[in-house]
Each structure stands twice: as structure tokens, then as C-alpha cells.
Amino acid sequence: MSRQQDPKGVILTGYTSNSDVVPPASGVNSAEEIESSSLSRRTGHYSVQNRAKNAPGKPPYHRCNSQDSLDELAMYDYWTEVENITLSGEGDAEPQEEVQLKVPDEGEQEEAWLTEAGLATLFDESASDPEDMMGLLSTLTRTQAAAVEKRVEKLQQTLRKRNKQHQVPDVRDIFKLPGTPESKEDEAQSPERSENRKKDITTDGGQVTELGNRAGPAEQSVSEPETDINLEVSFSDQAISYKESSKGSSEALTDADDKLPNFKLSKDKTGLTKVGDLSPQDMKKVHRLVLIEMTALFDTAGIDLKAHKAVKLKVKESGLFGVPLAALLEQDQRRQPGTKVPIILQRLISHIEDEGLNTEGLLRIPGAAIRVKAVCVELEGKFYEGLFPWESLKQHDAASLLKLFIRELPHPLLTVEYLSAFIAVLKLPTKKQQLQALNLLVLLLPESSRDTLKALMEFFQRVIDHKEQNKMTLNNVAVVMAPNIFMFKGFRNKISEQQEFSLATETANIVRLLIRYQNLLWTIPKFIMNQVRKQNTENQKKMSKDRAMMKLLKKMAYEREKHEKQEKPLSEVDSSSQGFIRVQAPQFSKVSMAVQLTEELQASDVLSRFLSQDSSVSVKREDLCLYEIGGNIQERCLDEETYMKDLLELNPSAEWFIKCIQR
């Protein structure tokens, strides 16, 4: 197919991102600059001449023969949605304050990154427990360690410029093999050592190992089927292997964007771990490791992420619309303890579904703007009192209210801090790496944003499931919802027209990926889980050095063993060594049971056996979970396909409890 290009137009691309989400507005680029920056993909032409900046109208629309990715008709819907959003905001009596972004000063970004990663001790000895930091460092892979080194080096350079007397450790000392100090003479004998360290060394449990000891799984991942997602090897290591294997190749992204691969997770006998399965203590470790891994993954592609900071705004502290998510959830939890998704959003979704998902143009056709504003005011006054007349709310009005709720959040749902990283995902060279980056970014979101985003993605998929009737395909839903998710207050004032055109397709593509692969994106990769387990083990070793702690633990172990021997037959003591595990259920009448270990025993089998032996349990099966507690994990709700014998080998000191799931 021949490529045609209007010199006065711009090609919208799905894989060319801006360096920043909201850089300072600049003049409109020349036609030659637009053309050279837009040839990687073709999604259709939109003329931009004669359009006033941030005018409520959409650009003139030209149809062409291209059918790749988000086609012209789909993007036409995008600009229609932008126009509807603009019109719906006209005449607001109390315009909401615009989101103000601040780019961190030189060195400030590295300090913030190291602090969030739990490594603040590297520049401030009083910031955190150095032993806890060393436990984290001991688990890092080669590429993760390189990402930390890069930020420490940048911070060192900045502090030297400022002539501050911070005692920042030399980056080589951070990852030095214990017991082998390096002298200046040693460095002189090996002038290339500093560079080679980044290529050849990884920290692994305090031991330095050659990359060759780890390369096997990562190299194998390159030859794996494209549809398989490997969760056992760090994504950044896989990216390095891909990069090395494709050196000298001019291969680029050639798949049409619509041809989204049918990615699947490789089977893991120790069970998949989803968001919400872990204790808060272990999730804190996950967050730190995921931040380092995400940064390392972008580093492999030479993408330097610029994190923004949100300037504090005056926001509503109560109500429904325009209230920060955290404040809204705190407000809801006083009424319904355990609420994780705003009640108003849940109610709007259920109302739309009650009206039927077969309605043509659902989410695309807007409600009447004046009526939607009136309903919004009425909801604010009557919702919590239960007096709002839901039976009179039209379905398209409810859909418009749902979109309004997202847009009116004081800060973007994907957060100011990570919004640029979400868009930069499309710069990564393969769809697999893009999906892996999205997985990490979803895990980095605050719990309130992550849970709300999940509820929305699940709802969008249910709408798409009725596409034969409602004509809302994955593309249609993505382009309609993208501006609602990404266009925060004041967004269009902060970017140029050309940036807006480029971001249109990019943000729609991101929403497509979030919807299409939502079942994968809320999964915690196994390599992260292994690092958490290793960190817990390292921390336990350090704790065991404290004699007082050892004495207390021995006393507790003695009392516990004595108590168990009094209440259990001798045959039940140390049952796991005899091919049994003891499963406890203190919440129920049958407080414990012995289960024989077999190669095929799964967590689901344990739950089935428990329910068959305790007829007094009134809890639904789906509300029960078998938990792994102790050993090298704090607490983990097990995937029902977990093979118990394999997990016991991974965590031989664990105990097993059946409890109600904390939803």
C-alpha cells in the first residue's frame, strides 16, 4: 500500500511519544519536522491548519485507505469526545482549579526515586535502616543494580556541583563484594572495571556472580513463543537479551496495532500472585522492587523518564465529584467498611448494566449536557441519603456521569507521578515489553487508583462483550475513554496542537492495552515474589544475630512445641516431614486438619476437603482462601491452582490457614 501524506497534515502515530507528557508549549512544528517524526506508523491524516489552539472543535477529518491500528473513523470518535468534554465544561459556575505540574530540580528527582525505592540511606544515613537497605540490595539483578548505580551517580554529580558536604558513598562501594576492598592501585590495574561492572556483575544474596550464571533463562526467553509471558526472569534482563540478540538488525515494530497478540502467562506450580493477595508489609517490598525494575526496563531502551510532581491544590474534602480518591474512599469506608472502589462509581456502573449493555453507542453517545449537570447536583445532595431517583436516570446520562467522575478527579487516575511513564510505554521496542512495563506501572499505582482502574477495565470489557449489539468494539471504547482518563484539568493548555494529535493515538493505544490484557496486568511477577522471599530471608538472618531475639524465639518455640504435644497425637508432630501438612482454620468449628501431600495436590483440593468435613461453614466457596503464612513470606492468599508440594519446597517453614478473603 502506498503511503500518501498531506504536507499540511500530520500522521497520528501509535508508537512515537513525546519526551514529556506536558512539556512547555512550543510553536507548531514545520511540515518537514512533522513528516520526519511521524513516519514510523500510519493511522490517517488530520489537517491541523486554521484550528485555533484549544478550540472546542475537532480538526477537519479526511478519510484515507489506511486500516492499520486505530483507524480514521475510530479517531474521529476521539475528537468528537474531546469536543463533548469541552462543551460539557462550558458555563460551570465553579470552575475547578487546574492541575499544576512541577518538574523536580536537578538532583531532586534522584533523591525522590531513591527514597521511594527504600534506598534513601545511600544519600542520608539517618533516613532508614541501613540493614533493611542492604537486604534489598542483596536481591537485585544485574540490570536492577545498574539502574540504582545510575541514579546514585547522577545524585553524586549534582551534590558535587552544589558543593554540599553530603557523605554519599561511592557507587562501587554499594555493590562491592563483602570482604574484598578495592584499592586505588587495583583500580589503576583495571581502568575498564567501572564500565565492565555494569555489564558483567549482579548482586545476588550478597554474592557477586557473572552474568553467565543467570543468562540461561533470559536467553531462552528470546526464543520462546511471542504469546508467552515469562514471569520468572526479570523483564529488564529479558529486554537486554532481546537487545543483544537483535543487534545489527533493522527489525522494528511491524505488527499492525489491531493485531494484539494473545499473550498468556506461563504456568507456575507455586501459583500466580495477584494484587491483594499479599500483606501490606510484603506489598511495600513489592513496590520498591517494582519501581527499580520498571526504571531498569526503561533504561534498557534508553528512555529517561521525567517524573512530575503535583502542586498542592485546594480541593473538595467531601462530596462525590471533584473529591480526591483517597478522601472519597475514606468517606465511603465510614459507611461501608472495606470499600475499595468509590460507591458512586460502583452504583453508576451497576445502573448502566441494569439498563442493559446492548444499547447501541453505549459510552460513545453523550447524555444531554444540561440534564447531566442537573443530575450531578442532585446526586451530590441525595446520594448518600438514599433519596436519589435512580429509575429516572437515563442510561446515556449515567455513562456521561461516569466519565465526568473520572475527569473531575483533582489529579489524574493514573497519577501525575506516573502519567508520563504510561505514555512512554509505547517507546519500548516490542509489544511484550510494552505489556511488561504496563504490568509494573499498574503495580506502582496507589491502591485507590489501582482498584478503581481495575473496576473500570472490567466494566469496559463487559461492554465490549456485547459489541455485536452495542457496536462498541475494543477500539471504540478505547478512543472514547482515552481523553477522559488522560485529559486532566488544564491538560490542553499545557501542550501544543501537534503534541495533542500525537497523544490522541498514543493514549487510545494505552487504554486498549489496559482493557485487552487486564487479566495479566494485575499479576505480581514471580521474579519479584522471589526477591521478596529472599529479602525476608535476609532480614530474618540479620534478626537472628540478636541474642535477645534468639532467646525469645527459643522460648516461644519451646512453649509452642510443648503446647502442641499436649493437644496433638505424636503422629501429627512435624507432619510435613511425614508427607502431611496441617491446615488450620481457627475461624471455623473444625480448627485444623491433616492433609496428605501428593504431587497433584492443589490448593483447591484442600479447600474442597475442608468444606466437605465441616458442614457448619456458611461462607461461600469463592469467599474462602488457603493462606501461606510465615517462613519467607508474611502472608499470601494462594491461587487455587497452586501445587502444595512445590510450594512447600519453596517455603518449607510456612504454615497453612483457611480464612475468609479480605475484600
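Structure: above.
My aim in this report is to walk through the structure given alongside it, one point at a time. Because the structure is predicted, anything quoted here is derived from the model rather than measured. (Residues numbered from 1 in each chain as written. Predicted model: local features only at pLDDT ≥ 70, side-chain atom pairs only at ≥ 80, totals over all residues. Heavy atoms only, no water.)

### Describing the sheet that holds strand 15 (residues 655-660)
The criterion, for reference: By this definition, two strands are paired if DSSP reports at least two bridges between them. Strands here are runs of E lasting at least two residues and helices are runs of H or I lasting at least four, both read from the DSSP assignment and numbered beginning at the N terminus. Helix axes use the C-alpha atoms of the stretch in contact, all axes being lines fitted to C-alpha atoms, and the angles between their N-to-C directions lie in the range 0 to 180 degrees. Two residues form a contact once any of their heavy atoms are found within 4.5 Å.
Taken in spatial order, the five strands line up as 12-11-15-13-14 in an open sheet, and their pairing is mixed. The strands lining the two open edges of the sheet, one partner per strand, are strand 12 (592-596) and strand 14 (633-637). Strand-to-strand, the axes of this sheet are offset by a mean angle of 25°, without reference to chain direction. Along the sheet face, helix 23 (residues 526-543) touches strand 13 (624-630) and strand 14 and points at about 145° away from the line of strand 14.

### Concerning the packing of aromatic side chains
Inclusion rule: Only rings of Phe, Tyr and Trp enter the pairing, Trp through its six-membered ring, and a pair is recorded when the two centres are within 6.5 Å. The plane angle decides the type: under 30 degrees is stacked, over 60 is edge-to-face, the rest tilted. The rule for a charge over a ring is simple: NZ of Lys or CZ of Arg within 6 Å of the ring centre, and within 35 degrees of the ring normal.
In the structure shown here, the tally under the stated rule is ten aromatic pairs. Three or more aromatic residues link up through ring pairs in this structure, and these residues are Phe383, Tyr384, Phe388 and Trp390. When the ring centre of Tyr643 is taken as origin, the NZ or CZ atom of Lys269, which lies over that ring, is 4.9 Å away. One Lys or Arg, Arg347, reaches over the ring of Trp390 and ends 4.3 Å from the middle of that ring.

### Quick look at the state of the cysteines
The following threshold applies: Cysteine sulfur atoms are paired as a disulfide whenever they come within 2.5 Å of each other.
Enumeration over the complete set of coordinates arrives at one disulfide. The side chain of Cys625 participates in a disulfide bridge whose partner is Cys637; the two sulfur atoms lie 1.9 Å from each other. Its S-S torsion of approximately 120° makes the covalent link between Cys625 and Cys637 right-handed. Placement of Cys625 in strand 13 and of Cys637 in strand 14 is noted, with a sequence separation of twelve residues between them.

### So, the packing of helix 20 (residues 474-486) against helix 21 (residues 497-516)
Rules: Angular relationships are summarised with four words: roughly parallel below 35 degrees, roughly antiparallel beyond 145, roughly perpendicular across 65 to 115, and oblique for the angles in between. Two helices that cross are described as forming a left-handed crossing if the nearer one is turned anticlockwise from the farther one by less than a right angle, and a right-handed crossing if clockwise.
At their nearest, the axes of helix 20 and helix 21 sit 8 Å apart, and the two run at 115° to each other. As judged from the angle between their axes, helix 20 and helix 21 are roughly perpendicular. Read as a crossing pair, helix 20 and helix 21 show a hand that is right-handed. Contacts from Leu474, Asn475, Val477, Ala478, Val479, Ala482, Ile485 and Phe486 of helix 20 reach helix 21 at Thr507, Ala508, Ile510, Val511, Arg512, Ile515 and Arg516.

### Some remarks on empty space enclosed by the protein
Gaps left between atoms are located by rolling a probe of water-molecule size over the structure's atoms. Quick note on the threshold: A pocket here means an open set of points on a 1 Å grid, computed over the protein atoms alone, that has protein on both sides within 12 Å along at least five of seven lines. A cavity is instead a set of points where a 1.4 Å probe fits but cannot get out; residues with an atom within 4 Å of a point line either one. Grid points are joined across faces, edges and corners, and a volume is the space filled by probe spheres set on the points. Only Asp, Glu, Lys and Arg are considered charged, only Ala, Val, Leu, Ile, Met, Phe, Trp, Tyr, Cys and Pro nonpolar, and every remaining residue, Gly among them, polar.
Under the criterion given, the structure shown has seven cavities of 30 Å³ or more. What lines the largest cavity is a set of 18 residues, among which Asp268, Thr270, Gly271, Thr273 and Lys526 lie closest to the centre. Where the lining of the largest cavity is concerned, the elements lending two or more residues are helix 23 and helix 26 (644-650). Classifying every residue of the lining of the largest cavity by side-chain character gives seven nonpolar, five polar and six charged.

### Focus on the pairing of strand 13
Note the threshold: Note on classification: 1.4 Å probe, protein chains only; a residue is buried when its accessible area is under 20% of the maximum for its type, exposed when over 50%, partly exposed between these limits.
The element strand 13 is extensively covered by neighbouring structure, given that six of its seven residues are classed as buried. Pairing analysis gives six bridges linking strand 13 to strand 15, with the strands arranged antiparallel. Residue Leu624 lies in a different strand from strand 15, and its bridge partner there is Cys660. Across four bridges, the pairing between strand 13 and strand 14 is antiparallel. Looking at strand 14, one finds that Ile629 is bridged to Glu635. Count of turn residues in the strand 13/strand 14 antiparallel hairpin: two residues, of which Gly631 carries a positive phi of about 75°.

None of this, on its own, says anything about what the molecule does.
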